[in-house]
Amino acid sequence: MPAVTDFSPVPPAQTPPGPAPEPLAPALAAGPVQALRAVSVLLLLALMALGLAWELWLAPTGNKTLVIKVLPLLLPLAGLLRHRLYTYRWLSLMLWLYVTEGLVRANGLDSGWSTGLAWGQVALCALLFVCCVVYVRLRLKAGKAATTASAAPAPSAPG
């Protein structure tokens with residue numbers, strides 16, 4: 001009797017598009033890491049809202065194309081929501097561009113609203129930077145503790 005072969009296509013496993021989120025240590029999943037992620041996302045959204053409001057309504061320079069400066073801030077949002085450690089690292093570096101812009105505009109020829117908005121941008125960037133740094137340190141510390149715990153030999157039974 002000949003072997004029966006079935007060439008019907010097998011449906012692929014149902015997986016969400018994109019890479020899977022990085023696993024978190026169970027001890028940090030509901031603790032300070034979640035709080036830092038929430039604060040980081042809120043600060044990033046506040047920075048985007050400030051940039052949009054500043055260039056469009058509050059203190060427009062007459063050149064509404066400056067609102068483009070908000071677009072790079074959209075890139076790290078998905079990584080922050082998925083606990084991507086790499087995203088927190090490069091976001092902490094990218095923020096210095098916005099700090100520089102805020103400092104230049106705060107100490108420039110503009111006055112009134114622009115100065116206050118610029119200092120607000122600097123403050124938001126500084127807070128977001130601190131959140132990113134603390135988040136990275138907590139994640140690295142948790143990872144180091146997890147590898148140390150998994151490398152430790154199991155206690156032997158007395159006998």
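K.L.:
An account of the overall build of the protein is requested, with residue identities and associated values reported.
P.N.:
Looking only at helices and strands, the protein has 5 helices and 0 strands in total. Ordered by position in the sequence, the α and β elements of the protein form the string α-α-α-α-α. Counting across all 159 residues of the protein, residues that qualify as buried make up 31%. The long-range fraction of contacts in the protein, counting pairs at least 24 apart against all pairs at least 6 apart in sequence, stands at 71%. For the protein, the exposed surface amounts to about 10,400 Å²; the carbon and sulfur share of it is 73%.

K.L.:
Could you give an account of the packing of helix α2 (residues 32–58) against helix α4 (residues 85–106), with specific residues and numbers?
P.N.:
The relative placement of two packed helices is expressed as an angle between their axes plus a distance between the axes. Two elements in contact, α2 and α4, have axes whose closest approach is 13 Å; the angle formed by their N-to-C orientations is 35 degrees. Note that α2 runs across α4; the crossing there is left-handed. Residues Arg 37, Ser 40, Leu 47, Trp 54 and Glu 55 of α2 form the contact with α4, whose own contacting residues are Tyr 88, Leu 95, Glu 101 and Arg 105. Tallied by class, the residues present in the contact of α2 with α4 amount to 4 nonpolar, 1 polar and 4 charged.

K.L.:
Could you give an account of the packing of aromatic side chains, naming the residues involved and the relevant values?
P.N.:
How two aromatic rings sit relative to each other is given by the distance of their centres and the angle of their planes. Under the defined criterion, the tally for this structure stands at 2 aromatic pairs. For the ring pair Tyr 88 and Tyr 135, a centre distance of 3.8 Å and an interplane angle of 15 degrees mean the geometry is stacked. Here the residue Tyr 88 occupies a position in helix α4, and Tyr 135 occupies one in helix α5 (residues 113–151), the gap between them amounting to 47 residues. For Tyr 88, a relative accessible area of 0% puts it in the buried group.

K.L.:
Please set out the pattern of salt bridges residue by residue, giving values where relevant.
P.N.:
As enumerated under the stated definition, the model contains 4 salt bridges in all. With a closest N to O distance of 2.6 Å, Arg 105 and Glu 55 form a salt bridge. One end of the pair, Arg 105, is in helix α4; the other, Glu 55, is in helix α2, with 50 residues separating them in the sequence. Classification of Glu 55 as buried rests on a relative accessible area of 1%. Of the charged contacts in the structure, one is a salt bridge between Glu 101 and Arg 105, with a shortest N-O distance of 2.9 Å. Residue Glu 101 and its partner Arg 105 are located together in helix α4, separated by 4 residues, close to a single helical turn. Classification of Arg 105 as buried rests on a relative accessible area of 11%. Here the salt bridges do not stand alone but share partners, grouping Glu 55, Lys 69, Glu 101 and Arg 105 into one network.

K.L.:
Give a detailed account of α4, specifying residues and quantitative values.
P.N.:
Each α-helix turn comprises 3.6 residues. Residues three or four places apart therefore point the same way. Taking 1.5 Å of rise per residue, 22 residues should cover 32 Å, and α4 covers 32 Å from first to last C-alpha, within 8% of that figure. At Ser 92, α4 shows its largest kink, close to 25 degrees. When α4 is considered as a whole, its buried residues turn out to be Leu 85, Thr 87, Tyr 88, Leu 91, Ser 92, Met 94, Leu 95, Tyr 98, Val 99, Gly 102, Arg 105 and Ala 106. In this structure, the buried residues of α4 make contact with α2, α3 (75–81) and α5.

Calculation rules
- Residues numbered from 1 in each chain as written.
- Predicted model: local features only at pLDDT ≥ 70, side-chain atom pairs only at ≥ 80, totals over all residues.
- Heavy atoms only, no water.
- Helix = DSSP H or I, 4+ residues; strand = E, 2+ residues; numbered from the N terminus.
- Buried < 20%, exposed > 50% of the residue type's maximum accessible area, 1.4 Å probe, protein only.
- Contact = heavy atoms within 4.5 Å.
- Areas by Shrake-Rupley, 256 points an atom, 1.4 Å probe, with all protein chains shown as cover.
- Axes fitted to C-alpha atoms, helices over the stretch in contact; angles between N-to-C directions.
- Left-handed = near helix turned anticlockwise from the far one by under 90°.
- Nonpolar A, V, L, I, M, F, W, Y, C, P; charged D, E, K, R; others polar.
- Phe/Tyr/Trp six-rings, centres within 6.5 Å; stacked < 30°, edge-to-face > 60°.
- Salt bridge = Lys/Arg side-chain N within 4 Å of Asp/Glu carboxyl O.
- Expected span 1.5 Å × (residues − 1).
- Bend = angle between axes of the 7 residues up to and from the residue.

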